[in-house]
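Understanding the architecture of this molecule
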There are 2 protein chains.
Amino acid sequence: MGSGCFKPAIGTRMPPEPVRLEAALLGLDWGTTSLRGYLMAADGRVLAERGAEAGILNVENAAFAVALNELAGDWLAAHPDMPIIASGMIGSRQGWAEVAYVDLPAAARDLNLYAHDDFARTVYFIPGLAYRNADGVPDVMRGEETQIFGAGTDGLYLLPGSHSKWALVEDGHITWFATFMTGELFAALKDHTILGRMMSDGADNDDAAFVRGVKHGFASNGALQTLFSARTLALFGELPESGVADYLSGLLIGTEITEAGLAMQDISDKTTIISNPDLGRRYLRALSCCGLSGVQAPDGAAARGQWRIAMAAGLLA
Amino acid sequence: MGSGCFKPAIGTRMPPEPVRLEAALLGLDWGTTSLRGYLMAADGRVLAERGAEAGILNVENAAFAVALNELAGDWLAAHPDMPIIASGMIGSRQGWAEVAYVDLPAAARDLNLYAHDDFARTVYFIPGLAYRNADGVPDVMRGEETQIFGAGTDGLYLLPGSHSKWALVEDGHITWFATFMTGELFAALKDHTILGRMMSDGADNDDAAFVRGVKHGFASNGALQTLFSARTLALFGELPESGVADYLSGLLIGTEITEAGLAMQDISDKTTIISNPDLGRRYLRALSCCGLSGVQAPDGAAARGQWRIAMAAGLLA
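Residues numbered from 1 in each chain as written. Chains lettered and ligands numbered in written order. Predicted model: local features only at pLDDT ≥ 70, side-chain atom pairs only at ≥ 80, totals over all residues. Heavy atoms only, no water.

For the rest of this paragraph, the subject is the domain arrangement of chain A. When its domains are assigned, chain A resolves into domain 1 (10–135) and domain 2 (182–296). Distance from the C-alpha centre of domain 1 of chain A to the C-alpha centre of domain 2 of chain A: 33 Å. (Domains from an automatic or database assignment.)

The following block contains the structure:
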């Protein structure tokens, strides 16, 4: 295999037909903690897919070439002319090469690819996006833009996670987005503040506590004041300790929805959620508690986005 | 001395006259991390003052009697009839005995003392306060009520810290208060999220960064979205890494001021700040950045509050 600088590939699935007959594009979704590779046909169909725990933080000594060969060396050997396109944090300062952000508004065709040649063949990096809000404060994304362009067309998108992103697509352009540190904040509060002391382990499935948190967060004046309620409700015996974690999770998600609505002036659109199914269900539940509607995007947004951006860039012409 | 279950007393100061001639009340400000004792005359004058790192979390095996004797055994021996009054977390579930909260509105005379007899003589605990906001969610304080009654009369009070408290006093009654987890949140974000990675150590005195944070937080739609700006501004070279911690501190304090204003509908009153001078100056600076005015309360609010509550309870009659 290789130098063993990352853990072995996980999750391999092969279509019935021989992939080498059709493969036309290798897409890499290369993030902070994981790397996924998609072998695609000329029409964007995913022929095969592989994953490795070779996110940029897991690859030692910037041995990204080794990691890529370990993941997809056989595919590359079998298809010497197949272009490679990559999205995500691989194009950040901590990644393989830093690619400048593209400013909003940006359509798929505006994502000028960066030709990276520190590999046996060119790897085309998809740039991230930058946005300055009304106060002149910058916000950034890397990788989410590709998923958004892969998921659909116009509308409101939500990509929940450690750093949740909300984004608006109008006339095929991403015109606004904002980052909410909800997931990372939850983890820090749970593990490193007094709120965690009343949380019992396990039993992380108290829907009533979650809903109560969402509603309190959604109706509130902000997170700094409401956080303490996760402690006082438990102190007064009005929330079981087994529900404190779900309550806090709901509280933060409800607050995120409020803040997103304030930032956009309006959040009445149906929100399309791009995420793994569990987290997506959690946010759909929260949206519905707030009288809002959402829908989960089909799987495969990253690969579809890579293919669309490659097409727009003429990489598959 | 004693069992050595806590660290030695710190900060002793003695007046010129022999204290035993006048001492009429021993006040204990007994919190989570520290214990302070005030030997007071019948008119409330503080004759002597001592401190020890014997907060309830530092006293092992609930040896509170030992801690009290180590701090003030000589004072107690010299004044066999002197009443003892205590405020703070000593009256919490984790303290010496749990004292029920008093509901708002509450004046000094409403703080019915709890006579605790698990000591050579009675210790009178001052109860904390509980408040339910419009959503029925409880909030609590223990110790701050005593400082507020000691600091003055009607007005708006702010006691900044790990869990900042804002409180309103009207006609001598505390009629509203709210807890903001600002200080503890700052520590958790700094030490346990991606925001801390760009913070350089030392150099924690960037006033421009602090002011920028305050203004951005004060004008914002909430903390979840603005937090990420502490990273992006540094990423774009628009905030020096030496200023990221001050920026984040300002951002949270500005957000706290906004949330407090929303909770109260109005924050135009001059705010009286009860805290150590450094933290007080920080909040005064922040208030002024938000076009608001504040004033620092004189030292000694805890002792004065204990004396006033003891008077109202007839303990000094």
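Here we take up the pattern of salt bridges. Inspection of every chain in the model, using the stated rule, returns 18 salt bridges over all chains. Between A:Asp278 and A:Arg281 there is a salt bridge, with the nearest N and O atoms lying 2.6 Å from each other. Of this pair, A:Asp278 and A:Arg281 both sit in helix H8 (residues 277–289), three residues apart, which is roughly one turn of the helix. On the basis of relative accessible area, A:Asp278 is assigned to the exposed category, the value being 54%. Taking relative accessible area as the criterion, A:Arg281 reaches 51% and is therefore assigned exposed. Its salt-bridge partner being B:Glu49, residue B:Arg36 comes within 3.0 Å of it at the nearest N-O pair. Of this pair, B:Arg36 sits in strand E3 (residues 35–41) while B:Glu49 is found in strand E4 (residues 46–52), placing the two residues 13 residues apart along the sequence. Linked by salt bridges that have partners in common, A:Glu22, A:Asp43 and A:Arg45 make up one network. (Salt bridge = Lys/Arg side-chain N within 4 Å of Asp/Glu carboxyl O. Helix = DSSP H or I, 4+ residues; strand = E, 2+ residues; numbered from the N terminus. Buried < 20%, exposed > 50% of the residue type's maximum accessible area, 1.4 Å probe, protein only.)

Here we take up the sheet that holds strand E14 (residues 271–273) of chain A. Strand pairing in a sheet takes place through backbone hydrogen bonds and is either antiparallel or parallel in direction. Residues and elements named next belong to chain A. Ordered in space as E13-E12-E11-E14-E15, the five strands form an open sheet in which the pairing is mixed. Lying at the two open borders of the sheet, with one neighbouring strand each, are strand E13 (173–180) and strand E15 (294–296). Averaged over all adjacent pairs, the angle separating strand axes in this sheet is 25 degrees, with direction ignored. As paired strands, strand E11 (residues 155–159) and E14 are joined by three bridges and run parallel to one another. Its bridge partner being in E14, Leu-158 is matched across the sheet by Ile-273. The strands touched by helix H7 (residues 244–264) within the sheet are E11, strand E12 (164–170) and E13, with E12 carrying the most contacts at an inclination of about 35 degrees. (Pairing = 2+ DSSP bridges. Axes fitted to C-alpha atoms, helices over the stretch in contact; angles between N-to-C directions. Contact = heavy atoms within 4.5 Å.)

The relative placement of two packed helices is expressed as an angle between their axes plus a distance between the axes. All names here are of chain B. One can describe the packing of helix H4 (residues 207–218) onto helix H8 (residues 277–289) by two numbers: an axis separation of 9 Å at closest approach and a directional angle of 55 degrees. With respect to their mutual orientation, H4 and H8 come out oblique. Every pair of crossing elements has a handedness; the one defined by H4 and H8 is right-handed. Residue-level contacts link Asp-207, Phe-210, Val-211, Val-214 and Lys-215 of H4 to Arg-282, Arg-285, Ala-286 and Cys-289 of H8. (Parallel < 35°, antiparallel > 145°, perpendicular 65-115°, else oblique. Left-handed = near helix turned anticlockwise from the far one by under 90°.)

The extent of an interface is frequently quoted as the accessible surface area lost upon association of the parts. Taken residue by residue, the interface counts 48 residues in chain A and 48 residues in chain B. Note on chain A versus chain B: buried area summed over both sides is about 4300 Å², and carbon and sulfur give 65% of it. Here chain A is connected to chain B by two salt bridges. With its nearest N and O atoms 2.5 Å apart, the salt bridge here joins A:Glu238 to B:Arg132. Put simply, chain A and chain B have 17 residue pairs in polar contact (both at pLDDT 80 or more) between them. Elements with a minimum of two residues in the side of chain A that touches chain B: strand E9 (129–132), strand E10 (138–141), E13, helix H3 (182–192), helix H5 (223–226), helix H6 (229–235) and H7 of chain A. (Buried area = accessible area lost by both parts, 1.4 Å probe. Polar contact = N/O pair within 3.5 Å; in protein donor to acceptor, adjacent residues only side chain to side chain.)

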